[in-house]
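Fold and contact review
One letter stands for each residue in the lines below.
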Amino acid sequence: GTTVTIERDVEYQDKYGRNLGYVYTRQPPSENKIFVNGLLVREGYAYAKSYGMNVKYEELLSKYQEEAKREKKGLWGVCAPTTISSSSKALLTASSSSLSSSPSKAAAAVDTTITKTTNTMKKQNLENPGDVKNCKDFNTYNEAKAWYDTYFDLYGDVAKLDGDGDGIPCESLLRKK
């Protein structure tokens, strides 16, 4: 089996009760220690994001993100299904970035995420629209939510419609009568 180690920082959970940590694994046969969070960001499969006071690797992860952007890796480039090589998928699946109670469940979760993202890209084949919209461009919350949902799985909140990161874009439109 694969050994997974979780390093904790200041806060153990985010405001939604999700476990936070830095994930390491050892990959046979070399048994070299792999910093999974860093690998995901460096390859463009994840954003560098700090949660609360957990900033131990903020600078390093930001550096990795800038490298991924510059090299147009993963979500920063043409994120076609072919960019997820079988070796990278195997490594990510074995490493598992999820803080599950079971490494096999965590590996399955990573595999499912990669598969869902790949399938979404196959179906939609959408280019990153960039920061081209703001909440004033939408007449209703449903319009804003539909646009947000179209691009979020592929590129995140590129137009910064969700100011507080709670998954609800353009909250001012909900209050609009």
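Residues numbered from 1 in each chain as written. Predicted model: local features only at pLDDT ≥ 70, side-chain atom pairs only at ≥ 80, totals over all residues. Heavy atoms only, no water.

A separate point is the pattern of salt bridges. Per the counting criterion, the structure on display carries eight salt bridges. Two residues, lysine 56 and glutamate 7, come together in a salt bridge whose shortest N-O distance is 2.4 Å. On the criterion of sequence distance, the pair formed by lysine 56 in the loop between helix H1 (36-42) and helix H2 (58-70) and glutamate 7 in strand E1 (residues 4-7) is long-range, its members being 49 residues apart. We note a salt bridge from aspartate 131 to lysine 160, for which the minimum N-O separation is 3.6 Å. (Salt bridge = Lys/Arg side-chain N within 4 Å of Asp/Glu carboxyl O. Helix = DSSP H or I, 4+ residues; strand = E, 2+ residues; numbered from the N terminus.)

Confidence in the prediction for the protein chain averages 75 pLDDT; 68% of positions are at 70 or higher. Averaged over each element, pLDDT in the protein chain is lowest for helix H3 (residues 86-95) (44) and highest for H2 (93). Counted against residues more than four places away or in other chains, residues 79-104, with its pLDDT under 50, gives 55 contacts. Between residues 119-123, whose pLDDT stays under 50, and residues either more than four places distant or in other chains, the model counts six contacts. (pLDDT = per-residue confidence, 0-100. Contact = heavy atoms within 4.5 Å.)

Throughout the structure, instances matching the rule amount to six aromatic pairs. Both rings, one in tyrosine 24 and one in phenylalanine 35, keep their centres 5.1 Å apart while their planes meet at 25 degrees; by these two values the pair is stacked. Highlighted residues: tyrosine 24 in strand E2 (residues 22-27) and phenylalanine 35 in strand E3 (residues 32-35), separated in sequence by 11 residues. Like tyrosine 24, the residue phenylalanine 35 is buried in the burial classification. One aromatic cluster is present, built from ring pairs that chain together Tyr22, Tyr24, Phe35 and Tyr57. Lying over the aromatic face of tyrosine 51, lysine 49 brings its terminal NZ or CZ to 5.0 Å of the ring centre. (Phe/Tyr/Trp six-rings, centres within 6.5 Å; stacked < 30°, edge-to-face > 60°. Buried < 20%, exposed > 50% of the residue type's maximum accessible area, 1.4 Å probe, protein only. Lys NZ or Arg CZ within 6 Å of the ring centre and 35° of its normal.)

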